[in-house]
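Residues per chain are reported as follows:
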Amino acid sequence: MLTRGDEVLLVRRSPRLRAFANLWAFPGGTVSAEDAEIPVSGAPDPETAARVAAGVREVFEETGVFLGTAGRSVVTAERDDLRRRLLAGRIGLREVLASFEAGIDAARFVEVEELTTPESAPYRFDTRFYRLALPDGAEPSVWPGEIVDQAMLSPKTALARWRGGDMALAPPIIGLLERWSPDDGVFRARNREEGRRRPAVRYSPGIAVIPCRTRTLPPATHTNAVLIGTSRRYLVDPAAEAPAEREMLFGMVDRLLGPGERLAGVLVTHHHPDHIGSVAAASSRYGVPVGAHPETLARIPPAPGGARPLAEGDTLDLGEAPDGSPGWTLEVRFVPGHAPGHLAFVESRYGAMVVGDMVSSLSSIIIAPEDGDLGQYMDSLRRLAAECRGIVYPGHGVPVVAGGDLLRAQVRHREARETSLLEALDTEPTTLEAIGLRVYPTSEVPRRGPVRRLAEVALTSGLLKLEREGRASAEAGKWFRRTGTTA
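About the cut-offs
- Residues numbered from 1 in each chain as written.
- Predicted model: local features only at pLDDT ≥ 70, side-chain atom pairs only at ≥ 80, totals over all residues.
- Heavy atoms only, no water.
- Helix = DSSP H or I, 4+ residues; strand = E, 2+ residues; numbered from the N terminus.
- Buried < 20%, exposed > 50% of the residue type's maximum accessible area, 1.4 Å probe, protein only.
- Contact = heavy atoms within 4.5 Å.
- Areas by Shrake-Rupley, 256 points an atom, 1.4 Å probe, with all protein chains shown as cover.
- Lys, Arg positive; Asp, Glu negative; His and termini not counted.
- Charge placed at Lys NZ, Arg CZ, Asp CG, Glu CD.
- Pairing = 2+ DSSP bridges.
- Axes fitted to C-alpha atoms, helices over the stretch in contact; angles between N-to-C directions.
- Phe/Tyr/Trp six-rings, centres within 6.5 Å; stacked < 30°, edge-to-face > 60°.
- Core = buried A, V, L, I, M, F, W, Y, C linked by side-chain atoms within 4.5 Å.
- Salt bridge = Lys/Arg side-chain N within 4 Å of Asp/Glu carboxyl O.

Novice: Would you mind showing me how to read the overall build of the protein here?
Specialist: Of regular secondary structure, the protein possesses 13 helices and 19 strands. Dimensions of the protein, computed from the C-alpha atoms along their principal axes, are close to 80 × 55 × 35 Å. For the protein, the proportion of its 487 residues judged to be buried stands at 49%. For the protein, restricting intrachain contacts to residue pairs at least 6 apart in sequence, the fraction spanning at least 24 positions comes to 61%. Total accessible area computed for the protein in this model is approximately 21400 Å², and 50% of it derives from carbon and sulfur atoms. Once the 59 positive and 64 negative side-chain charges of the protein are each reduced to a mean point, those two points are 1 Å apart.

What follows is the structure, encoded as structure tokens:
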């Protein structure tokens, strides 16, 4: 956190990056093997020394700001040449320090927080955050690459832009800016207090994701419960099954609600067990009805707080939006296919979509033949992709800022799989196993085991779709392409 007066430097990460793509964050990066070999004074332990060295290197790469204790002045052209060669991998941090005749003093780096990515994320980081003032005369400069933009803003201004929908902040940055204090001791104390709790994950204003460990399908291990709203809040898919996980979920909801606030209702995207583990318990605890499609309400246990059937076009009042604008609503979309009564919810201020199992940021969604319809699912997916203008909150995995890109990519993936399936069909009847080995060769999916079984479930749904469309038929348990149809 590089500060100047009451402002702090924020940088926007490239849309091409794996983690926190296109989000505003602080400069920094991953510790390399070389960082552990760099001499650092004032460090209490080797790990801290390596992290501080990584900070010096990454900040110089990303912003051109040198945080070492320089022994000589370096002109801009020489500084830029060193930075360019460091980025190209032609030199390392050791050579940069030698050119500056500089060292690194860890005592200048004030550690204010340590955060670990939630275990539900597909990749995890153990990150330390340090704060120090920008050196006199330093002017950050972004060169397009991993970082594509920069801004010096006060925490208050950055948060106002986030609430206004003008600046997408990385989740850890939101809390750090909210807890900000110019006093290091106060800042650290606030962060320590927050660190004792399991954090919710926030991307959009007024929306918090609470990942709950559930018995879901791999690679997922958690299902996302979503609390949405400010003055009127709804809890979507309270999924926790185990008592300890349910206690965590309700404790988080209580803390996010705040003193005197009440939940307006529980909402359910669909009836599958890994999404409804605490639906009845939440209805009872908060004394609120459960809103869901009638097909879903018929498939889940009755809720103590009553039922509220929801249909396409229904609108739920969220009160005032986080930026103060009136008329904030949550709109219902009927998107069947993964399940007969599947709903998605679209909030009106920022365009965020809570989509349940319409999409995952971890893998493809399984459409089970028992209660799914791949044709309907594809129609629903295309509809959401055409409408999406904000962040997508999937039932599994992390939210995706470029939500429309995720939905469109899934449409293309499904269409490509269908093409592969048609190409794998002969005009002569063929077993599901043989078709599966053509579509999912053993180089992609093991010949036996749970992943192969899931692949065959997906194939069955694809074949049933083709059958309904008159492009495939089954005979004695074997499948074949209908004469006159092509891939």
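Novice: Just to check I follow, could you spell out the side chain of S14 for this structure?
Specialist: Within the fold, S14 resides in the loop between β2 (7–13) and β3 (24–25). Overall, the relative accessible area of 1% leaves S14 in the buried class. With residues near it in sequence (within four places) discarded, S14 still touches A21, N22, G145, E146 and V148.

Novice: Just checking my understanding: could you explain the sheet that holds strand β7 (residues 207–213) for this structure?
Specialist: In a beta sheet, neighbouring strands pair by backbone hydrogen bonds and run either parallel or antiparallel. Sheet architecture is open: six strands sit in the order β7-β8-β9-β10-β11-β12, paired in mixed fashion. Across the chains shown, the open sheet's two edge strands, defined by having one partner strand only, are β7 and β12 (307–309). Strand-to-strand twist in this sheet, taken as the mean axis angle between neighbours without regard to direction, amounts to 25°. As paired strands, strand β8 (residues 222–229) and strand β9 (residues 233–236) are joined by four bridges and run antiparallel to one another. Among the inter-strand pairings, I228 is bridged to a residue of β9, identified as Y234.

Novice: Where do I start with the packing of aromatic side chains in this structure?
Specialist: To describe a pair of aromatic rings, one takes the distance between the centres and the angle between the planes. By the definition in use, this model includes seven aromatic pairs. Their ring planes at 80° and their centres at 6.4 Å tell us that F26 and F129 sit as a pair that is edge-to-face. Linking F26 in the loop between β3 and α1 (46–63) with F129 in strand β5 (residues 126–133), this pair joins segments that are 103 residues apart in sequence. For the pair shown, F26 and F129 are each scored as buried. Residues F66 and F100 carry aromatic rings whose centres are separated by 3.9 Å and whose planes lie at 5° to one another, so their mutual orientation is stacked. Of this pair, F66 sits in the loop between α1 and α2 (76–87) while F100 sits in helix α3 (residues 93–100), placing them 34 residues apart in sequence.

Novice: What's the story with the nonpolar core in this structure? I'm lost.
Specialist: Core analysis: the biggest nonpolar cluster contains 45 residues, and M1, F26, L169, I173, L177 and F345 have the highest contact counts within it. When residues of this core are assigned to their parent elements, the largest contribution, four residues, is made by helix α5 (residues 171–178). If we skip the residues at most four places from it in the chain, M1 touches V8, F26, V112, F129, Y130, R131, L132, L176, W180 and F187. The next biggest cluster of nonpolar side chains, apart from the first, holds 31 residues, and it includes L9, F60, L93 and A138.

Novice: Explain the pattern of salt bridges to me, please; I cannot follow it from the model alone.
Specialist: One pass over the full model with this rule turns up 33 salt bridges. In this structure, the salt-bridge partner of R85 is D81, at a minimum N-O distance of 3.2 Å. Of this pair, R85 and D81 both sit in helix α2, four residues apart, roughly one helical turn. Among the residues examined, D81 registers a relative accessible area of 32% and is labelled partly exposed. The partner of R438 in a salt bridge is D426, and the shortest N-O contact between them spans 3.2 Å. Here R438, found in helix α12 (residues 432–439), pairs with D426, found in the loop between α11 (403–424) and α12; they are twelve residues apart in sequence, far enough to count as distant. The exposure class of R438 is partly exposed, given its relative accessible area of 42%.

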